[in-house]
Each structure stands twice: as C-alpha cells, then as structure tokens.
Amino acid sequence: MQRVAITHVAQSSGMESKESLMDFTYRVNKEILDKAGLKRREVGCIVAGSADIFHSGLSCANAFDWDGIGAFLKEGSRAEESAFSFIYGCMRILSGRYETVLVTALVKGSENPDNDPITSFYGDPFYLRPVGVNESVVAAMQMRQYLERYGVTEEQCAKVAVKNLGNALFNPYADRKRRVSLEDVMASERVYDPLKALECAPKSDGVVAVLLASEERAKTLSKKPVWLSGYGCSMDHFHPGDRDLLKGQLPAAAQRAYKMAGIDDPGKQIDVAEVCEPYAFQELLWCEHLGFCGEGQGGRWIDSGMPLMDGALPVNPSGGVLATNPYPARGLYRIAEAALQIKEEAGEHQVGKKVRTALAHSTHGFGGQCHSVVILSA
Amino acid sequence: MAKEEHRIVKGQVMVPYEVALGKTWSMFYDFLKEEKIMGKKCPQCSRVLVPPRSFCPRCFEDMDEWVEVSQEGIVETWVYVNMPFFAQELKIPFISAQIRLDGSDTGFIHQVAGIDLTEFEKVREIVKLGGRVKAVWSREKKGNILDIAYFEPVK
Ligand SMILES: [Zn+2]
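Residues numbered from 1 in each chain as written. Chains lettered and ligands numbered in written order. Predicted model: local features only at pLDDT ≥ 70, side-chain atom pairs only at ≥ 80, totals over all residues. Heavy atoms only, no water.

Draft legend 1. Looking closely at the nonpolar core. With 94 residues, the main nonpolar core has A:Phe292, B:Ile37 and B:Phe151 as its most contacted residues. Counting residues in each nonpolar core, the second largest holds 41 residues, with A:Val103, A:Tyr333, A:Ile342 and A:Val355 among its members. (Core = buried A, V, L, I, M, F, W, Y, C linked by side-chain atoms within 4.5 Å. Buried < 20%, exposed > 50% of the residue type's maximum accessible area, 1.4 Å probe, protein only.)

If you want it as structure tokens, here you go:
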C-alpha cells in the first residue's frame, strides 16, 4: 500500500504576533518550503485548517487564507478542525494523484474574543446559550463527574497544569511560559468550579505547517521522514445531556487508530503522546481513554510520574494546549510536535527516551464531542 | 532604528439572524407556557428525550409521541460559574446543571438557584450530585427556555 510521510514541519510561536494574519501565515509556509527546498509551484496541493468568523473575524476565511499558504493556482480545500485537514491531506497522497501536499493551520487568537464567548456560539440560541453553556461550562460539568465517580482529586488534576506549563518552559514556541506550583494552580481563581483559571487553556496565535509526501518522494525530500501508521476518528451526540460525559468516543477513535497501526498495548508501544487538553483534568481522562491507564486511574497515573517528560510515556512534552492554544490549529500542532519527537528535532523539549512511535490527539466540541487520533512512526 | 509599530484596527460587528425553532421546539415551549415539561419518546429505543427532538439521534427514527415528565429530578452534574463573558446575559455567580428529570432518559441543562449563591462553600453543602431539584416557573411566560426560571433544591 502507498504510504504517507511527514517530511518537514514549521511552526510559529503561540505568543501574540504583531504581524497581520496573512503575513503571519506566509512566514511559516515560506519557512517550510525553504526547509524542503521546494518552490511554491512544486507543491501538489494545499489543505488548510482554519475557522471562519468567530476565530478570524472573516467570513469564508479560507478565501483569505490561500495567498499566505501559497495555494494560488492550485487545488486546495479546508477543514475547521486541523486534524481533519491533516487526514484529508494524507488521503490526497494515498489517492496517488499528488506526490506532495502542504497542510497548514492558522489562527490569531489574540485578535478575536475570548474562548468562552466564542464557544458559547457552539450552542443553539434557543436552549444552550440562554442557559449559559459554553465549552468551559461543559468541561467543568465533566470534571465534577470525573472527580466524584472515580475519586480522582482536584490536586491530581492540577498536576497536569504544573507538568505541562513546566514542559512549556523548554518549548521556544509556547505561549504561556510560567513556572507554576501545585499551590499556584489550586489557588488560581475558581472560574468554573471545580475548574480553576490555570487549568484552562489560554488563547494563542499560531501557524503550523506540515509537508506530506508519497513514499518515493519522501525519501528524496527528507533523510528522516515520519510515517503515518494509524488514524481513527469518532463523533458523539451534539447535546451534552444525551451522553455520559465520561464515556465519550475517544476509545473508539483510538481503537481504530491502534488497529490500523498494529498496536495492541498502547501503554507500552507508544513512546510519547501529544494530547489535546484544553482543560487540565481532560488530559487524565483522555489518557484513560487512550488506554495508557485503566478506567478511573488517571489520578494515579499522574502521581506515578509516567507522563512526565522523563517518564515511561511522556505526555505533552511541548506543554500541550494548556501552554499554547491556537484553537483551530491546535490539532495540527499536536501532530507536528509528535513528528518532531520522532525526528529528534524537538530541541530542548525532546524527550530522553528513543521515540519510534508517537501519538497525536485532537478534540473539539462540548466535552470532547469529537476526537481524532493519529499514530506516527519512524 | 525605526520604532516598532503594532497598529491595530478595532471593530465590532452586529449581524441579524432569524433562526427557525421548528415544530418540536415550538411545541416544547408552548407546553412550558402551560407549566408542563414534555419529552418525546422514541418508538424504537423507548428513551424519553428532554428537550424533545423530532427524531431520535441514536435510532434515526421519527419520534411522534409526546410524554409529560416530572418537574423534579436529580442533579447529574453541575458547575458554579463565576466568570463573566461577553454576550452572557446571566448574572454571575450562577449554577449550570445537568438534570435528569424523573421519567426522562437524558440530561436537561438549566440553572440551579433559589438558594444563596454568594458563598461557594455553603452552595457546595446544598448542591450535590444526585441531589433532587424541582422546577420553579417564571411568573410571566414568554414561550422560551427561561419560562422555567430555574431549578431549586428540594429540601
Ligand atoms: Zn431511539
């Protein structure tokens, strides 16, 4: 079967950029093409990851995106969830029609309203919005159930923020760089009790690009291509009240990806994971659902030190979404970071162990309505 | 060296929308005016969905049977919201809760109030997972979700 490789990665810092969105987009795409030694016209096609109006202040934002990505006179398409953009790009390689595909996700979070008003617009205007629902509200409801059903403690959840913000100190592209203690997180404002301010992701800028290539082309473009070995995705009901918030679709997405990648013991076979955790406790819940630890064991899992940078299965060595949250681009950031770990190009946040297999995860929707899991291999 | 410039343009956009409720939501709100909370029952899986939908998203079949559910139920989960955000009309602090009304099979999201919300530690003593709450109606009905003013803890 045809294989797809990530040959190159480029990313911007998550901090507020003073450049215009189009220039900001161009810089990173210029950088990745220079790294690959490709001219714009030599790229097969383009898949973007960006979001309209609420995240960009532009209607039909993709029309605006094309110039900065270099898509002029090319075939292209776009998804609002950048992990989807990635898989659509992979499919274009697998179709045999293109040898290279540039996948780019972008947003300037610093330019638009806070996450909470934006995500309140996920809800309809006649039921969920009038009763005050947004992504943080549903996450807090999910967290309360997580604490009570399994006896996981608030401190164990807060440890995720301590770990990820600590890791971010070694990532030059991270947005929120601040060493925090457990006490700092626990004492931060209870914005959506039981969620505390430091357990909620910030709002970041970010452009990230990955260059995909067919097997043959990848070998000429890169000495160390990273291969797509598994992918899975699954969606849950829209209404949070129709679901058990602790039994979402991530196990289903993960199983699909693991089956394709031939993984039957994820805790042992995966070397590093980049997980999308807009709220600290979600990293623990998602790690359970990914099979890294048993049901309800997320608290013990972080206590054990396994997901720390030097642990047996480091989770979010980049600092994750708690450090850098360029909303629609964050999924592709996870994929890019997972690829960098395999390439041994992650710099100061390169994990100590040898990475042969890496997992990247993305989620969107209330309480993790939709999940994507990507497995990359050396 | 030229001074670095970071010029921005500020803007705010207001655009009108007219969103159709459809027959099922419209009837649900008409029932609220009569102080009735109605769900729809799926002919296939027999679940009663509140709020009602015209079709069961799980079975993907039409749901035609209206069923009145209890005005009391249990708190499945809740959050104490202490964060104001743009376009949010509720005054903080408020409690958002997912409530399983007796006779229904889904969580209904609404507010829990009718108690002193100013001190979180006291709230935590009263609002609990599995605790019972009952609907309190707005005196003036507008045919919308806030015709139920809130749910209050049952003593
Ligand atoms: Zn059904």
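After that view of the structure, there is still more to cover.
Draft legend 2. Layout of the interface of chain A and chain B. Each partner contributes to the interface: chain A provides 34 residues, whereas chain B provides 38 residues. A buried area of about 3200 Å², summed over both sides, lies between chain A and chain B, and 62% of it is on carbon and sulfur atoms. One can count one salt bridge joining chain A with chain B. Ionic pairing is found between A:Asp242 and B:Arg53, a salt bridge with its closest N-O pair at 2.9 Å. For the interface between chain A and chain B, the tally reads ten residue pairs in polar contact (both at pLDDT 80 or more). Of all elements in the fold, only α5 (115–120), α6 (135–150) and β5 (192–193) of chain A reach the threshold of two or more residues within the side of chain A that touches chain B. If one sorts the elements of the side of chain A that touches chain B by residue count, α6(A) sits on top with six residues. Residues belonging to the side of chain A that touches chain B are distributed by class as follows: 15 nonpolar, eight polar and eleven charged. Pairing analysis gives two bridges linking β5(A) to strand β6 (residues 72–81) of chain B, with the strands arranged antiparallel. Note that in β6(B) the partner of A:Tyr192 across the bridge is B:Val81. (Contact = heavy atoms within 4.5 Å. Buried area = accessible area lost by both parts, 1.4 Å probe. Salt bridge = Lys/Arg side-chain N within 4 Å of Asp/Glu carboxyl O. Polar contact = N/O pair within 3.5 Å; in protein donor to acceptor, adjacent residues only side chain to side chain. Helix = DSSP H or I, 4+ residues; strand = E, 2+ residues; numbered from the N terminus. Nonpolar A, V, L, I, M, F, W, Y, C, P; charged D, E, K, R; others polar. Pairing = 2+ DSSP bridges.)

Draft legend 3. Here's a closer look at the coordination of the zinc ion. Residue and element names in this part refer to chain B. Listed as protein donors to the zinc ion are Cys 42 (SG), Cys 45 (SG), Cys 56 (SG) and Cys 59 (SG); their distances from the metal cover 2.3 Å. Geometry at the zinc ion is tetrahedral, judged from the four donor atoms that bind it and their angles of 104 to 115 degrees at the metal. For the zinc ion, all donor residues lie on one chain, and their spacing in sequence is C-x2-C-x10-C-x2-C. On the criterion of sequence distance, the pair formed by Cys 45 in the loop between β1 (38–41) and β2 (48–49) and Cys 59 in the loop between β3 (55–56) and β4 (61–62) is long-range, its members being 14 residues apart. (Donors = N, O, S within 2.8 Å, 3.2 Å for Na, K, Ca; no water. Tetrahedral: all angles 85-135°; square planar, octahedral: opposite > 155°, others 65-115°.)

Draft legend 4. Fine view of the pattern of salt bridges. Residue and element names in this part refer to chain A. As enumerated under the stated definition, the model contains 32 salt bridges over all chains in all. With its nearest N and O atoms 3.2 Å apart, the salt bridge here joins Arg 27 to Glu 19. Close ionic contact of Asp 271 with Lys 353 constitutes a salt bridge, the shortest N to O distance being 3.8 Å. On the criterion of sequence distance, the pair formed by Asp 271 in the loop between α11 (266–269) and β8 (272–274) and Lys 353 in the loop between α15 (330–343) and β9 (357–364) is long-range, its members being 82 residues apart. Within this structure, Arg 144, Glu 154, Arg 190, Asp 193, Lys 196 and Glu 199 form a network of salt bridges that share partners.

Draft legend 5. Representation of helix α12 (residues 280–289) of chain A in the model. Residue and element names in this part refer to chain A. Of all the ten residues making up α12, ten are buried; the element is thus mostly covered by neighbouring parts of the structure. Residues of α12 that are buried include every one of Ala 280, Phe 281, Gln 282, Glu 283, Leu 284, Leu 285, Trp 286, Cys 287, Glu 288 and His 289, and no others. Immediately downstream of α12, the backbone of Gly 291 shows phi near 85 degrees, a positive value.

Draft legend 6. Main features of the sheet that holds strand β2 (residues 45–49) of chain A. Residues and elements named next belong to chain A. If you walk across this open sheet you meet the nine strands as β3-β2-β4-β6-β1-β7-β10-β9-β8, and the pairing is mixed. A single partner strand is all that each edge strand has here, and the edge strands are β3 (75–79) and β8. When the angles between neighbouring strand axes are averaged without regard to direction, this sheet yields 25 degrees. For β2 and strand β4 (residues 100–108), the ladder comprises five bridges, and the chain directions are parallel. The residue of β4 that forms the bridge with Val 47 is Val 103. Sheet strands in contact with helix α3 (residues 61–69) are β2, β3 and β4, and its direction is about 125 degrees off that of β3. (Axes fitted to C-alpha atoms, helices over the stretch in contact; angles between N-to-C directions.)

Draft legend 7. Examining the sheet that holds β1(B) more closely. All names here are of chain B. Strand order in the open sheet formed by three strands is β2-β1-β5, with antiparallel pairing between adjacent strands. Two strands bound the open sheet, and with one partner strand each, they are β2 and β5 (65–68). Where helix α1 (residues 22–33) meets the sheet, its contacts fall on β1 and β5, and the angle it forms with β5 comes to roughly 25 degrees.

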